[in-house]
Amino acid sequence: MADLNGLRERAKEIREEILKNAEQLVDSKAAYEVRKDFLDSKKGKIGALMKEMRDVPKEQKAEYGQTVNELKQWALSKFEEIDKHIKAKELQLRYESEKIDVTRPAVKMKPAHLHPVTQVREELIDVFASMGFKVYEGKEIETDYYNFTALNTPADHPARDMQDTFYLTPEFLLRTQTSSGQIHVMEAEKPPIKILSPGRVFRSDDDATHSPMFHQMEGLVVDEKITLSDLKGMLDMFVKKIYGDSTVTRLRPSYFPFTEPSVEVDISCFSCGGKGCSLCKGTGWIEVLGAGIVNRKVLENCGIDPDKYSGLAFGIGLERIAMLKYGINNIKLLFESDLDVLNQIGDQE
Ligand code: DAH
């Protein structure tokens, strides 16, 4: 039977139990469970003492009730204290785990960059613009006349075999060379002419160093008394700006129907300085472009008097320049848009 003495005994035990628990509690969830164990209105240990009131002798009831109430108040404030303490500890732990070390070096962000072929194109335009060249954007779909005939390559000319052409109709084709732009410019403008024409060209050609679509940059200068030495001087300046001051050029005789004489231009190898290495295949020289003195017939085709004027022209393959510059041995890597490859190339800048 419940009585005051028994209650005092139980109250003492409960206080001790709560204090013991308080030392071990580590998080608010556990604290909540323990609190429920003592203070839940239905199943709590303190609530149970209250239920026993009916068995307590009448004269003890008032003091019994007061004692249980005191115990309940004490437990409430104790658990509040425990709760505060645990919450502060949890906050501290969170601060520590989420701490930001502002002295840590930042993760390097990779800035975006232009495609390597675009970079080469802009670089070349810069160099030639500084020599007074204007940019002329030609047409990608051309007539047979502008791509071949006007460039001194009539239908039966064997030089047509040098370029495998994509014909759209017997008359229209995808231009195989930016040289077609020369004719448009010379028809529209009279000398002095100094233009640069970058753009896409197309050929039915496909291997490690050839792609059905690639980029060229055409240069054309027409004025009085233009000679091969003007060409050489201009190209010398161009290669020094792109490949460094110690780079020299070498002209080799070649053949193009629209130039006479025609030359192939080599530069001293920028990788080995001319001693011979894998890049220049041991020769010390790297071929970079085709050029020449504009054939009289081409000037005539455009209504320009070849006795009064002469011209120089050159054509540069931009992928070739990019491949040499970045050490790429397969032209396809430039067109597959593989970000790993493009980023790697950009990193060398
Ligand atoms: N059009 C030539 C080609 O695609 C390159 C070229 C050679 C252009 C000599 C020129 C030049 O203007 O003079 O192979």
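All of these numbers come straight from a predicted model, not from anything done at the bench. (Residues numbered from 1 in each chain as written. Predicted model: local features only at pLDDT ≥ 70, side-chain atom pairs only at ≥ 80, totals over all residues. Heavy atoms only, no water.)

Engineer: Help me understand the overall build of the protein in this model?
Structural biologist: Across its full length, the protein carries 11 helices and nine strands. Rg of the C-alpha trace for the protein: 44 Å, well past the compact-globule value of 20 Å for 349 residues, more than 25% over. By its C-alpha atoms, the protein is 140 × 50 × 35 Å across when sized along the principal axes. Within the protein, contacts between residues separated by at least 24 positions form 66% of all contacts whose residues are at least 6 apart in sequence. When the accessible surface of the protein is summed, it comes to about 19,900 Å², and 53% of that surface belongs to carbon and sulfur atoms. The distance from the centre of the 48 positive side-chain charges to the centre of the 57 negative ones in the protein is 8 Å. (Helix = DSSP H or I, 4+ residues; strand = E, 2+ residues; numbered from the N terminus. Rg over C-alpha atoms; globule rule 2.2 N^0.38 Å. Contact = heavy atoms within 4.5 Å. Areas by Shrake-Rupley, 256 points an atom, 1.4 Å probe, with all protein chains shown as cover. Lys, Arg positive; Asp, Glu negative; His and termini not counted. Charge placed at Lys NZ, Arg CZ, Asp CG, Glu CD.)

Engineer: Explain the site of the ligand here, please?
Structural biologist: Contacts to the ligand come from 16 residues, most closely from Q177, S179, R203, Q216 and E218. Q177 has a polar side-chain atom sitting 2.8 Å from a nitrogen atom of the ligand. Within the contact set of the ligand, an oxygen atom lies 3.3 Å away from a side-chain nitrogen or oxygen of Q182. Considered on its own, the ligand offers 350 Å² of accessible surface; in the complex 91% of this is hidden by protein. Of the residues contributing to the shell around the ligand, the split by class is five nonpolar, nine polar and two charged. (Near = heavy atom within 4 Å. Polar contact = N/O pair within 3.5 Å; in protein donor to acceptor, adjacent residues only side chain to side chain. Nonpolar A, V, L, I, M, F, W, Y, C, P; charged D, E, K, R; others polar.)

Engineer: Quick question: what am I supposed to make of the packing of aromatic side chains here?
Structural biologist: How two aromatic rings sit relative to each other is given by the distance of their centres and the angle of their planes. If you walk through the whole model with that rule in mind, you get eight aromatic pairs. Pairing Y243 with F270 gives two aromatic rings, centres 4.7 Å apart and planes at 10 degrees, and the pair type is stacked. Taken together, the positions of Y243 in helix α8 (residues 228-243) and F270 in the loop between β7 (259-268) and β8 (285-294) put the pair 27 residues apart, joining distant regions of the chain. (Phe/Tyr/Trp six-rings, centres within 6.5 Å; stacked < 30°, edge-to-face > 60°.)

Engineer: Looking at this structure, how should I read helix α1 (residues 4-24)?
Structural biologist: Since one α-helical turn is 3.6 residues long, residues separated by three or four positions face the same way. Taking 1.5 Å per residue as the helical rise, α1 with its 21 residues ought to reach 30 Å, and the 31 Å between its terminal C-alpha atoms agrees with that figure. Inspection of α1 places L4, L7, A11, I14 and I18 among the buried residues, and these make up the whole buried set. Buried residues along α1 cover an arc of 70 degrees about the axis, so they all sit on one side. Opposite the buried face of α1, by more than 90 degrees, sit the exposed residues N5, K20, E23 and Q24. Where α1 is buried, its residues touch α2 (28-39), α3 (45-51) and α4 (61-97). (Expected span 1.5 Å × (residues − 1). Buried < 20%, exposed > 50% of the residue type's maximum accessible area, 1.4 Å probe, protein only. Arc of directions from axis to C-beta.)

Engineer: I tried to follow the environment of G292 on my own but got confused; where do I start?
Structural biologist: Among the structural elements, G292 can be located in strand β8. With relative accessibility at 0%, the residue G292 sits in the buried group. Sequence separation of G292 and R160 is 132 residues, and the distance between their C-alpha atoms is 18 Å. Each residue touching G292, except ones within four places of it in the same chain, is listed here: L231, T259, P261, S262, V263, G311, L312 and A313.

Engineer: Sorry, what's going on with the pattern of salt bridges here?
Structural biologist: Oppositely charged side chains can pair when the atoms bearing their charge come close. Enumeration according to the criterion identifies 17 salt bridges in this entry. For the salt bridge of E63 with R8, the shortest nitrogen-to-oxygen distance reads 2.6 Å. Of this pair, E63 sits in helix α4 while R8 sits in helix α1, placing them 55 residues apart in sequence. Note on E63: relative accessible area 38%, which makes it partly exposed. (Salt bridge = Lys/Arg side-chain N within 4 Å of Asp/Glu carboxyl O.)

Engineer: Help me out: how do you make sense of the domain arrangement of the protein in this one?
Structural biologist: By a frequent convention, interface size equals the accessible area lost on bringing the separate parts together. On domain assignment, one finds that the protein holds domain 1 (4-98) and domain 2 (116-347). Computed over C-alpha atoms only, the centres of domain 1 and domain 2 are separated by 92 Å. (Domains from an automatic or database assignment.)

Engineer: Honestly, the environment of G219 in this entry has me stumped. Any pointers?
Structural biologist: Relative to the elements of secondary structure, G219 occurs in strand β5 (residues 213-223). Taking the C-alpha atoms as reference, G219 lies 13 Å from D126; in sequence the two are 93 residues apart. Contact partners of G219, with chain neighbours within four places excluded, come to I195, L196, L312, A313 and F314.

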